[in-house]
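Tertiary structure, described
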Amino acid sequence: MAEIKDPENTIIMETTKGQVVIQLLPDLAPGHVARIKELCAEGAYDGVVFHRVIDDFMAQTGDVQFGKTGGKDFNPARAGMGGSSKPDLKAEFSNVSHVRGTCSMARSQMPNSANSQFFICFTDSPWLNKQYSVWGQVISGMDNVDKIKKGEPVKDPDSIVSMKLAANA
């Protein structure tokens, strides 16, 4: 595991494929980092499936409404269409490039529509630059992200077992 220098801004995400450690970037996207921390503290991401995983591109998860196994509204056919009960976020686009391990918020075609869903890039994806809010970078466990089952939608998807701040793990 990577050395954790700032436990208040580091996420430990246990997945069905293993542990992934994410360094949060609060200076880059303070509103998005605050939302990720808030949802982690609530346990909202625990049990959420990776519903859209495209080889050589990215793994998407974070639909806490329809993608949370065991949740009251869990529906694999609708996973990826929901969010949290919290308001959508204002875009925090930056000059940071989408490279392997970048964590960025998913959204609709409207820039200010990110809510709870996010994706992790498998490879450099420069066409996403300045169009999606980057909020973190995987610092350990990309080999586990690489193992997540692929598909659109994913059959028998992998999921987040738990996602917490290192300070609370």
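Keep in mind the model is a prediction, meaning the values are calculated, not measured.

How each quantity is defined
- Residues numbered from 1 in each chain as written.
- Predicted model: local features only at pLDDT ≥ 70, side-chain atom pairs only at ≥ 80, totals over all residues.
- Heavy atoms only, no water.
- Salt bridge = Lys/Arg side-chain N within 4 Å of Asp/Glu carboxyl O.
- Helix = DSSP H or I, 4+ residues; strand = E, 2+ residues; numbered from the N terminus.
- Buried < 20%, exposed > 50% of the residue type's maximum accessible area, 1.4 Å probe, protein only.
- Pairing = 2+ DSSP bridges.
- Axes fitted to C-alpha atoms, helices over the stretch in contact; angles between N-to-C directions.
- Contact = heavy atoms within 4.5 Å.
- UniProt positions renumbered as here; feature names shortened; annotations may be inferred.
- Core = buried A, V, L, I, M, F, W, Y, C linked by side-chain atoms within 4.5 Å.

This structure, assessed with the given rule, holds eight salt bridges. With a closest N to O distance of 3.3 Å, Lys 86 and Glu 38 form a salt bridge. Here Lys 86, found in the loop between strand E4 (58–61) and strand E5 (102–105), pairs with Glu 38, found in helix H1 (residues 30–41); they are 48 residues apart in sequence, far enough to count as distant. Among the ionic pairs, Glu 152 bridges to Arg 52, the shortest N-O distance being 3.0 Å. Of the two residues, Glu 152 sits in the loop between helix H2 (142–146) and strand E8 (160–165) while Arg 52 sits in strand E3 (residues 52–54), which places them 100 residues apart along the sequence. Of the residues examined, Arg 52 reaches a relative accessible area of 30% and is grouped as partly exposed.

Attention now goes to the sheet that holds strand E6 (residues 118–121). With antiparallel pairing, eight strands are arranged side by side in an open sheet as E3-E4-E6-E5-E7-E2-E1-E8. What marks the edges here is a single partner per strand, and that holds for E3 and E8. Sheet twist, expressed as the average angle between the axes of neighbouring strands with direction ignored, equals 20°. One ladder, built from four bridges, connects E4 with E6; its direction is antiparallel. Across the sheet, the residue bridging to Ala 59 is Ile 120, located in E6. Relative to E8, H1 is tilted by about 120°, and along the sheet it contacts strand E1 (10–15), strand E2 (18–24), E5, E6, strand E7 (134–140) and E8.

Let us now look at the UniProt feature "domain: PPIase cyclophilin-type" (unreviewed entry) in the protein. Per the UniProt record, "domain: PPIase cyclophilin-type" (unreviewed entry) is annotated on residues 18–150. Secondary structure content for residues 18–150 is 13% helix and 22% strand, while the C-alpha to C-alpha distance between its ends is 16 Å.

Summarising burial for E2: six of the seven residues are buried, a large majority. Across six bridges, E1 lies against E2 in antiparallel orientation. When the bridges of E2 are listed, Glu 14 appears paired with Gln 19. The antiparallel hairpin formed by E1 and E2 contains two residues in its connecting segment.

Ranked by size, the top nonpolar core spans 33 residues in total, and within it Ile 11, Met 13, Ile 36, Tyr 45, Phe 118, Trp 135 and Met 163 carry the most contacts. Of all elements in the fold, only E1, E2, H1, E5, E6, E7, H2 and E8 reach the threshold of two or more residues within this core. At four residues, the largest contribution of residues to this core is made by H1. With residues up to four places along the chain from it excluded, the contact list for Tyr 45 reads Ile 36, Leu 39, Cys 40, Gly 62, Val 64, Lys 68, Ser 116, Phe 118, Ile 160 and Met 163. Membership of the second largest hydrophobic core comes to seven residues, among which are Ile 54, Phe 57, Cys 121 and Leu 128.

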